[in-house]
Amino acid sequence: AGVALAHMFPTDQTSWQAFARQLAAEGYRALAFDFRGYGRSGGSRRIDEIDLDVRAAAAYLRSQGARRIVLVGASMGGTASIKVAAQGGVDALVVVSSPVGFRGLSVSTAELARLTVPSLWITSESDSVTAAMRTMYAAAGGTKTLHVYSGSAHGTYIFDSAHGPDLTGRVLVFIARAVPPR
């Protein structure tokens, strides 16, 4: 089983490194990657096309032997992951603090309704995207769970908050139930 970890703006793949190591220790093929134009990735930043990078990450995991794929995305990475999951071909989805739209990247109600995979939606009660997360969660198809933490931490910064250990455990349990590592 493979897990693609899509980062938030303005970070890069390093925001997922600690969690990727934990996934690997649990037996998953974890892939934290840089969107084009971020971190060590070449090319120009085209936020409106980053769903193509998520799709490429899933394809890479498949080429490395993963037969089941989980997409995990924070903020813009979550929005891009929703778009890819709505097209099918993945087995589970985790969305952390994601907006409906950001700099040309957006997810539609129709895409949300096409979701059929188990999904976990995570946000913080005072985060500016929480209303959007609740709206997307309500429109999403498939088996789904929403968890709202206290505070205002956004995206992968939740891992650095007092909620970090709970978030790590919650996401690991969700992934293991949806897609066992072997």
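Residues numbered from 1 in each chain as written. Predicted model: local features only at pLDDT ≥ 70, side-chain atom pairs only at ≥ 80, totals over all residues. Heavy atoms only, no water.

## What about the packing of aromatic side chains?
Using the criterion set out here, one finds seven aromatic pairs in the structure. Note on Phe 9 and Tyr 38: the rings are 6.4 Å apart at their centroids and 85° apart in plane angle, and the pair reads as edge-to-face. Here Phe 9, found in the loop between strand S1 (2-6) and helix H1 (17-25), pairs with Tyr 38, found in the loop between strand S2 (29-33) and helix H2 (50-63); they are 29 residues apart in sequence, far enough to count as distant. Centroid distance Trp 16 to Phe 19: 6.1 Å. Interplanar angle 55°. Geometry classified as tilted. Chaining the aromatic ring pairs together yields one cluster made of Phe 9, Tyr 38 and Phe 102. When the ring centre of Phe 9 is taken as reference, the NZ or CZ atom of Arg 103 above it lies at 4.4 Å. The lysine or arginine in question, Lys 144, covers the ring of Tyr 137, its NZ or CZ lying 5.0 Å from the ring centre. (Phe/Tyr/Trp six-rings, centres within 6.5 Å; stacked < 30°, edge-to-face > 60°. Helix = DSSP H or I, 4+ residues; strand = E, 2+ residues; numbered from the N terminus. Lys NZ or Arg CZ within 6 Å of the ring centre and 35° of its normal.)

## What about the pattern of salt bridges?
By the definition in use, this model includes seven salt bridges. Note that Glu 49 and Arg 36 form a salt bridge whose closest N and O atoms lie 3.4 Å from each other. Placement of the pair is Glu 49 in the loop between S2 and H2 and Arg 36 in the loop between S2 and H2, with a sequence separation of 13 residues. Since its relative accessible area comes to 25%, Glu 49 is described here as partly exposed. Take Arg 36: its relative accessible area is 22%, and that puts it in the partly exposed class. For Lys 83, the salt bridge identified is with Glu 111, shortest N-O distance 2.9 Å. With Lys 83 in helix H3 (residues 76-86) and Glu 111 in helix H4 (residues 109-113), the pair connects residues that are 28 residues apart, well separated along the chain. Across the pair, exposure class does not vary: Lys 83 and Glu 111 are buried alike. Taken together, the salt bridges that share partners define one network made up of Arg 36, Arg 46, Asp 48, Glu 49 and Asp 53. (Salt bridge = Lys/Arg side-chain N within 4 Å of Asp/Glu carboxyl O. Buried < 20%, exposed > 50% of the residue type's maximum accessible area, 1.4 Å probe, protein only.)

## Looking at the nonpolar core
Ranked by internal contacts, the top residues of the largest apolar core, which has 34 residues, are Leu 71, Ile 82, Leu 115 and Trp 121. Elements that contribute at least two residues to this core include exactly S1, S2, H2, strand S3 (69-74), H3, strand S4 (92-96) and helix H5 (130-139). Looking at this core, the element that brings in the most residues is H3, giving six residues. In this structure Ile 82 touches Leu 93, Val 95, Val 107, Leu 112, Leu 115, Trp 121 and Met 136, once residues within four positions along its chain are discounted. In this structure, Ala 1, Leu 5, Val 171 and Val 179 belong to the second largest nonpolar core, which totals 28 residues. (Core = buried A, V, L, I, M, F, W, Y, C linked by side-chain atoms within 4.5 Å. Contact = heavy atoms within 4.5 Å.)

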